[in-house]
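# What the coordinates show
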Amino acid sequence: MIFEQHPHRRYNPLTREWVLVSPHRSNRPWQGQSEAPVNRQRPPHDAGCYLCAGNERANGVRNPDYTGPFVFENDFPALLKDTPFHEDTGSPLFQSRTACGTSRVICFSERHDLTLPALPVEAIRKVVDVWVREYETLARDYAWVAIFENKGAMMGCSNPHPHGQIWASDFVPSEVAREDQAQEAFLSETGQNLLVSYCEAEQSGETRVVVENDDWIAVVPFWAVWPFETLLTPKRHRPRLTDLSTQERDRLAEILKRLCTRYDGLFRTEFPYSMGWHGAPPGLKETAHWQLHAHFYPPLLRSATVRKFLVGYEMLAEPQRDLTAEQAAARLRAQSETLEQDTFG
Ligand code: H2U
Ligand code: ZN
């Protein structure tokens, strides 16, 4: 395809933003920053870890001797339950309003040394169940439940014990509101669900597919910004995590392991990323336009220590990438689905 060798822009229909793709630059030399490699040798239990079973957290509370996933209220939450109501819309220049909510931390398992891809599928399945359960509980009281994982020091993760976070808020955050509007507009303009149609189209082409099973598909989206960004979504129309069948939860655990193992294999490192779930906001009655999906946004570009920066043109104009989504998908497809523990650290 000629346009894969020439600068072009691609449209992200989920956010209605454009990304500039410059494939002719892929082989430019790099003399910029590389990060120090992290020591990945970790013990199964670390006496100094705030998140390990039986240990004392930063605020003095002791974790139980848990096995499997463990959820606790974040000791340093970004959102608080009882913030006094305040709304200031008097001036278009100085608008503010109260934000209420709650934050939780989810340790994926008692193992300090095992990230998602290193856990057995059955253990990942338990994490899936906790995501669904937490979503279900918090969706009763909140307008949005953010379920996400910040992985790796490069992504600002403060603790090596594999864990994710859950933030519930009484407002729908901007990124989600944008996706809501875009999917709604797509349905009313075309009569189709945006992501269901998109993934059907990707399945027939295969150039951007990374992994799939009977119920799930992961692609490097056509409009990806991060070099190895992926979009993971059910094959059938499922607006929310709570709409997943037992089998879909089983197969989600399976595909998560396969996808993350490929990520780890790419640069032979515990692949850093921010990932999280987007689905129909809890309060929404009409959900035909929504499709559940997870975004994986990994920062790495060309090795375990060389990352992509969204700076300069990206900050001031629009996102830009050199490696095409098709090249990234091919690289991920070429990886093994067997975790080579001995290659780390
Ligand atoms: P991140 O590393 O992804 O930031 O998550 C760690 C979270 O765990 C962070 O939000 C919380 C931090 O507030 N935490 C506790 O609640 N208690 C602790 O003792 C340590 C960390
Ligand atoms: Zn730990």
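As a convention, each chain's residues are numbered from 1 in the sequence order in which they are written. Chain A is the first chain written and ligand 1 is the first ligand written, with later ones labelled in order. pLDDT decides what is reported in this predicted model: residues at 70 or higher carry local features, side-chain atom pairs at 80 or more are listed and counted, and totals for whole chains, interfaces and linings draw on all residues regardless. Hydrogens and water molecules were not included; the side-chain quantities draw on all heavy atoms of the structure.

### So, the packing of aromatic side chains
Centres within 6.5 Å are what make two rings of Phe, Tyr or Trp a pair, Trp counting through its six-membered ring; a difference in plane orientation under 30 degrees is then read as stacked, over 60 as edge-to-face, and the rest as tilted. Across all of its chains, the model carries 13 aromatic pairs by this definition. Seen in terms of ring centroids, tyrosine 66 and phenylalanine 70 are 4.5 Å apart; in terms of plane orientation they differ by 20°. Their pairing is stacked. Accessibility expressed as a relative area gives 8% for tyrosine 66, which makes it buried. Grouping aromatic residues by their ring pairs yields a cluster made of Phe228, Tyr263, Phe267, Phe271, Tyr273 and Phe296. Each residue gets one of three labels from its accessible area relative to the maximum for its type: buried under 20%, exposed over 50%, partly exposed in between, using a 1.4 Å probe on protein chains only.

### Considerations on the coordination of the zinc ion (ligand 2)
Around the zinc ion (ligand 2), the protein contributes the donor atoms Cys49 (SG), Cys52 (SG), His112 (ND1) and His161 (ND1), which lie 2.0 to 2.4 Å from the metal centre. Donor atoms: N, O and S within 2.8 Å of the metal, or within 3.2 Å for Na, K and Ca. Because water is excluded, sites can look incomplete. Written as a sequence motif, the donor residues of the zinc ion (ligand 2) are C-x2-C-x59-H-x48-H. Here histidine 112 is found in the loop between β6 (101-107) and α1 (121-139), whereas its partner histidine 161 is found in the loop between β7 (144-151) and β8 (163-169), with 49 residues between them in sequence. For histidine 112, a relative accessible area of 2% corresponds to the buried category. A relative accessible area of 0% places histidine 161 in the buried class. The secondary structure listing takes helices from DSSP runs of H or I that are at least 4 residues long and strands from runs of E that are at least 2 residues long, numbered from the N terminus.

### Focus: the pairing of strand β2 (residues 17-21)
Two strands pair if DSSP finds at least two bridges between them. The pairing of strand β1 (residues 8-12) with β2 spans 5 bridges and is antiparallel. Paired with arginine 10 across the bridge in β2 is valine 19. The antiparallel pairing of β1 with β2 creates a hairpin that spans 4 residues between the two strands, and arginine 16 there sits at a positive phi of about 60°. Note that β2 and strand β14 (residues 320-321) share 2 bridges and pair parallel. Looking at β14, one finds that leucine 20 is bridged to glutamine 320.

### Digging into the pairing of strand β12 (residues 273-278)
Within β12, 6 of the 6 residues are buried, which leaves the element mostly enclosed by the surrounding structure. Alignment of β7 against β12, held across 4 bridges, turns out to be antiparallel. Residue pairing for β12: asparagine 150 is matched across the bridge by serine 274. Where β12 meets strand β13 (residues 293-297), 5 bridges bridge the pair, whose relative direction is antiparallel.

### Thoughts on the nonpolar core
Note that soluble globular proteins tend to have their nonpolar side chains buried in a common cluster. By size, the foremost hydrophobic cluster in this structure holds 53 residues, and its most contacted members are Trp131, Phe228, Leu232, Leu241, Leu252, Trp277 and Phe296. At 9 residues, the largest contribution of residues to this core is made by α1. By definition in these notes, contact holds between two residues if any of their heavy atoms fall within 4.5 Å. Ignoring sequence-local partners within four residues, the contact set of leucine 232 consists of Trp216, Ile217, Ala218, Leu252, Ile255, Leu256, Trp277, His293, Ala294 and Phe296. For our purposes a nonpolar core is just a set of buried Ala, Val, Leu, Ile, Met, Phe, Trp, Tyr and Cys residues, chained together by side-chain atoms within 4.5 Å. Among the nonpolar cores identified, the runner-up in size contains 12 residues, and Leu195, Val219, Trp223 and Val225 belong to it.

### A few points about the sheet that holds β13
Here we have 9 strands laid out as an open sheet, ordered β3-β6-β8-β7-β12-β13-β11-β10-β9, and antiparallel in their pairing. Since the sheet does not close on itself, it has two edges, and those belong to β3 (70-73) and β9 (209-212), each with one partner. Between one strand axis and the next, the sheet turns by 20° as a mean value, whatever way the strands run. Both β9 and strand β10 (residues 216-219) contribute to a ladder of 3 bridges, which runs antiparallel. Across the sheet, residue valine 211 finds its bridge partner in β10, namely alanine 218. Simply put, an axis is a line fit to the C-alpha atoms, just over the touching stretch for a helix, and the angle between two N-to-C directions goes from 0 to 180 degrees. Contacts from helix α2 (residues 174-190) reach β7, β12 and β13 within the one sheet, and its direction differs from that of β12 by about 50°. On top of the sheet, helix α4 (residues 246-266) reaches β7, β9, β10, β11 (230-234), β12 and β13; it is set at about 140° to β9, its chief contact.

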